[in-house]
Amino acid sequence: MGLFWLWCPYTSFPQSYVNVWPMALNTNIEFLGSGFNFSYNFNLGGGALATMNDSSGNLLFYCNGENIFDASNNVMPNGDSIKSHYSASQGVIALPFLTNSDRYFLFQVEGDLVQGLYGFNYSVVDMSLNGGLGDVPLGLKNMSISPNATTEGIAATAHRDGQRAWVVMHDIPSPNFRFLLVGDTIESIVERPSHAFYGGANTAISSNYKFSPNGKYMVSSLYVDSTIELYRFNNAQGTLEHITDINFETRIGSIEFSSNSNYLYATSAEPSLQSAIYQIDLEDYSKTIIGSFTFPRDLQLDPQKRILVATVNSFNLGAILEPNNAGLASNYIDSILTFSPLNVASNFPNWISNWFNTSFCVENACVSDSTEFYFAGYRMDSAIWDFGDPASGPLNFGTGQEPKHVYSNPGDYQVTLLATTGGSTDTIIQTVSIVFPVDAGVLKDTTYLCSNQPTYLSAFQFGAEYSWENGSDSSAILVNDTGWYVCTISNACTTIIDSSFVRFVEPLNIDLGNDTFLCDSQSITLSGFDVNQVASFVWNTSDTSNPTLHISFSDVSFSSNYWLTATNACGTASDTIRIGFLPQPDVSWFSDSILCDRTEAVISPPIIDSVAFFMTYTTDDIAYDTLAQPWRIDTFGFYSVHAFNRCDTVVKRAIFSPFNAIDVSLGADTVLCPGDSVALNAFWPSSSYVWGDGSTDSMLVVSHDDLVGAGSETYSVTITNGPCARIASRTLSVDDLVCDTSNCKFSIPNVFSPNADGINDVLKISNMCTSVSFSVAIYNRWGQLLFSDQRAQGNSPVTWDGFVNGVAASEGTYFIIIQYGDKVQKGSFSLLR
């Protein structure tokens with residue numbers, strides 16, 4: 001059925017709720033510890049039974065499929081003519097309201113197609129009426145849920161919240177189960193597909209549905225098909241997942257789960273003298289006959305965790321004393337109780353499967369994650385939890401139906417639940433194992449196995465369980481064929497489905513080829529194996545992902561070794577290749593003009609590995625010849641250098657002609673005074689010229705005025721004659737210290753207008769005698785000094801912006817006195833706004 005981790009240990013029923021069992025035919029059973037007491041009850045029929053007790057074990061009411069009786073065995077007011085059928089084995093079931101403790105639902109299926117009785121209905125019992133003996137209020141009897149024909153079966157289990165309940169039935173003909181979520185009302189009705197299509201009159205006999213005590217499984221017995229359908233049930237969502245069909249050679253009657261939900265029990269329904277009682281192991285679905293009985297009619301789990309066996313026309317009540325044990329160890333006995341001839345017990349009342357189960361379930365038992373706990377029973381009033389993890393401090397305790405706890409470390413923890421139900425408190429203690437999640441990907445996407453040896457495929461993980469597609473539950477299986485292998489791996493924390501495609505490979509033969517070399521701009525791609533034959537590999541570059549290795553000229557040093565090691569299921573193999581490089585022949589060093597300023601030259605080629613050189617030449621006297629090394633050139637001609645290796649051959653030709661040196665000088669560096677000029681003459685016969693300013697004359701004239709702004713400048717010219725060239729240069733400058741300054745005069749403007757219009761906004765005082773120090777003083781017409789300044793050299797002018805201490809001077813005439821050396825120069829100017 002696949003792996004499904006859920007810990008829901010079964011403890012025991014609070015016996016008071018199930019203290020009294022009305023049974024068909026004509027018998028009441030009262031449980032007294034591990035014993036019984038029985039009495040006559042002639043109100044009971046032959047099949048459909050439901051009952052309700054209070055928390056003290058007192059009978060409240062019961063139904064025989066036709067009438068509702070109070071605790072005094074009288075038909076309740078309006079409790080007659082219940083739409084069910086007395087022979088339906090599971091025709092009625094009773095459930096309490098969610099919040100109204102006096103009211104109860106009674107769900108009813110008519111389920112007799114032979115007599116034409118159809119429908120799924122419910123009635124309400126109100127125990128606050130009729131002096132506490134109960135009544136069926138008017139308008140709340142035989143309320144229709146579905147008018148369709150139904151099977152004889154109806155069952156119930158608790159919702160995940162432990163307070164509401166799920167009720168299941170099946171219309172016919174129909175492909176769907178119908179699930180009702182019941183609280184104070186029928187909150188919702190959902191349909192879930194059944195594995196088989198239920199149709200036809202005989203299907204109505206398929207009346208047995210049962211939920212496991214932990215609420216996680218549901219079974220349906222198909223009487224006609226001799227089949228039990230096993231489903232996984234989600235009690236939070238009300239969803240159903242078909243697990244498998246369990247087939248029998250005989251028709252199946254009643255079914256019941258063991259209290260630990262690990263085993264399912266079934267009785268054959270053939271009307272023979274001796275009918276088998278089967279135990280079905282829900283781990284592998286194997287069937288074991290644990291006993292036989294004369295036409296066993298019904299199975300029911302009792303408060304002592306036994307399964308009682310009722311029969312038709314027998315005065316004995318059989319029992320499976322240890323149903324949680326496998327096989328014959330379950331200990332079936334023919335008689336645990338013998339009735340008098342007036343008492344025949346053929347059917348048990350129909351209970352909600354886990355109403356009285358005071359156990360709890362554990363899900364997601366993972367380290368560092370929220371482990372979920374929830375009460376697996378029904379109508380727990382309160383809960384106090386001790387998670388057995390004192391290191392977590394106050395978080396070690398919780399309350400409520402569904403607490404969560406995070407365990408920081410793996411290990412076994414003793415969890416204690418104090419559950420109060422119906423006025424009684426039970427202590428449930430369980431050891432919970434917290435584990436790490438199952439690792440995903442333990443099976444590789446592709447697994448390579450050697451073709452010449454048998455190999456096991458392993459999915460092993462510590463503490464896990466396994467379910468392979470071929471049915472094996474071992475951690476490893478022997479594989480012989482190529483194809484997909486799928487395994488479900490599970491522990492108490494997680495369940496994963498992992499798979500691997502198995503491919504058989506041959507022993508490896510790695511071949512990178514013969515040693516070789518690369519030329520400039522060349523590359524090579526190495527590939528030494530079939531990717532479908534290799535599980536892992538590594539290149540000398542540490543690359544383990546690319547099956548090929550691309551090598552270009554720039555990747556190779558003078559000579560490099562490249563290797564590949566590959567592994568598969570047959571072993572490891574490797575190969576090495578040596579790749580050298582050959583540089584591109586280079587003749588860029590050979591050019592014209594190599595003999596400028598010389599009458600001969602001796603040329604030696606560079607030493608480049610693998611490259612050979614030779615020179616050919618043509619002169620006026622020799623048409624073509626090879627020049628012996630060392631190459632001595634002293635004659636005009638055309639000379640060609642040839643460079644070659646296995647990659648390429650390169651030829652370059654140059655014109656060589658001995659020339660005398662270009663002997664040109666522009667003269668010594670010079671200082672120019674005012675009025676001076678100099679001619680820079682670069683003339684050389686049969687030559688061309690380019691000056692720094694772009695001019696191409698052989699001569700350039702520079703005057704003193706050309707240098708005033710710069711002060712100094714270097715003039716250069718490139719002189720080209722044939723293949724040879726020379727650069728000549730001269731620096732010219734001006735320096736008033738070496739010039740005559742005796743007649744130095746200052747320029748004084750006669751007017752300026754500081755009005756910020758960008759024209760004559762400042763007064764500038766300067767002269768051309770750069771070596772003269774001078775001072776400037778400006779006065780108004782009353783002789784007051786308004787501005788003064790001093791300069792060390794005349795080429796740095798004195799300026800006045802027309803302001804005095806930040807205040808604009810008024811329009812008018814102003815006077816200026818300039819002193820330099822032992823000389824004084826006076827003047828005046830006008831200021832206009």
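The present account deals with the structure reproduced in this document.

**Focus: the pairing of strand 56 (residues 699-703)**
A regular strand places its side chains on the two faces of the sheet in alternate fashion. Every second residue of strand 56 is oriented toward a common face, the buried set being Leu-700 and Val-702 and the non-buried set Met-699, Val-701 and Ser-703. Pairing between strand 54 (residues 677-681) and strand 56: 5 bridges, direction antiparallel. Looking across to strand 56, one finds that Asn-681 is bridged to Met-699.

**Thoughts on the environment of Val-587**
Tracing the backbone shows Val-587 in the loop between strand 46 (571-582) and strand 47 (601-603). Here the alpha-carbon distance between Val-587 and Pro-605, two residues 18 residues apart in the chain, equals 8.8 Å. In this view, Val-587 contacts Phe-613, Val-641, Ala-643, Val-650 and Lys-652; residues no more than four positions away in its chain are not counted.

**Considerations on the state of the cysteines**
Applying the stated criterion to the full structure yields 2 disulfides. Paired by a disulfide, Cys-366 and Cys-493 hold their sulfur atoms 1.6 Å apart. An S-S torsion of about 110 degrees defines the bridge between Cys-366 and Cys-493 as right-handed. Here Cys-366, found in the loop between strand 28 (360-363) and strand 29 (370-375), pairs with Cys-493, found in the loop between strand 39 (483-490) and strand 40 (495-505); they are 127 residues apart in sequence, far enough to count as distant. Of the two residues examined, Cys-366 and Cys-493, each falls in the buried class. Between the sulfur atoms of Cys-450 and its disulfide partner Cys-570 the distance amounts to 1.9 Å. Because the torsion about its S-S bond is 105 degrees, the bridge between Cys-450 and Cys-570 counts as right-handed. Of the two residues, Cys-450 sits in strand 35 (residues 446-450) while Cys-570 sits in the loop between strand 45 (559-568) and strand 46, which places them 120 residues apart along the sequence.

**A short note on the pairing of strand 67 (residues 823-831)**
Of the strand pairs in this sheet, strand 59 (residues 751-752) and strand 67 are connected by 2 bridges, and their pairing is parallel. From the neighbouring strand, Phe-752 faces strand 67, where its bridge partner is Leu-831. Summarising the sheet, strand 66 (residues 812-820) and strand 67 pair through 9 bridges and their orientation is antiparallel. Paired with Phe-815 across the two strands is Ser-828, which belongs to strand 67.

**Some remarks on the nonpolar core**
Counting residues in hydrophobic clusters, the biggest one holds 36 residues, and the most contacted among them are Phe-61, Ile-68, Phe-107, Phe-120 and Val-167. Elements with a minimum of two residues in this core: strand 4 (50-53), strand 5 (59-63), strand 7 (92-96), strand 8 (103-109), strand 9 (120-126), strand 12 (155-158), strand 13 (165-172) and strand 14 (174-182). Of all the elements, strand 8 adds the most residues to this core, at 5 residues. Met-380, Trp-385, Tyr-413 and Ala-492 belong to the second largest nonpolar core, which has 19 residues in total.

**Section: the pattern of salt bridges**
Side chains that differ in charge, positive against negative, can pair when their charged atoms come close. One pass over the full model with this rule turns up 12 salt bridges. Residue Glu-363 pairs with Lys-216 through a salt bridge whose shortest N-O separation is 3.6 Å. Linking Glu-363 in strand 28 with Lys-216 in the loop between strand 16 (209-211) and strand 17 (217-222), this pair joins segments that are 147 residues apart in sequence. When sorted by exposure, Glu-363 lands in the same class as Lys-216, which is buried. Beyond isolated ion pairs, a larger network of salt bridges with shared partners links Arg-160, Lys-216, Glu-363, Glu-372 and Glu-402.

About the cut-offs
Residues numbered from 1 in each chain as written. Predicted model: local features only at pLDDT ≥ 70, side-chain atom pairs only at ≥ 80, totals over all residues. Heavy atoms only, no water. Buried < 20%, exposed > 50% of the residue type's maximum accessible area, 1.4 Å probe, protein only. Helix = DSSP H or I, 4+ residues; strand = E, 2+ residues; numbered from the N terminus. Pairing = 2+ DSSP bridges. Contact = heavy atoms within 4.5 Å. Disulfide = S-S within 2.5 Å. Core = buried A, V, L, I, M, F, W, Y, C linked by side-chain atoms within 4.5 Å. Salt bridge = Lys/Arg side-chain N within 4 Å of Asp/Glu carboxyl O.

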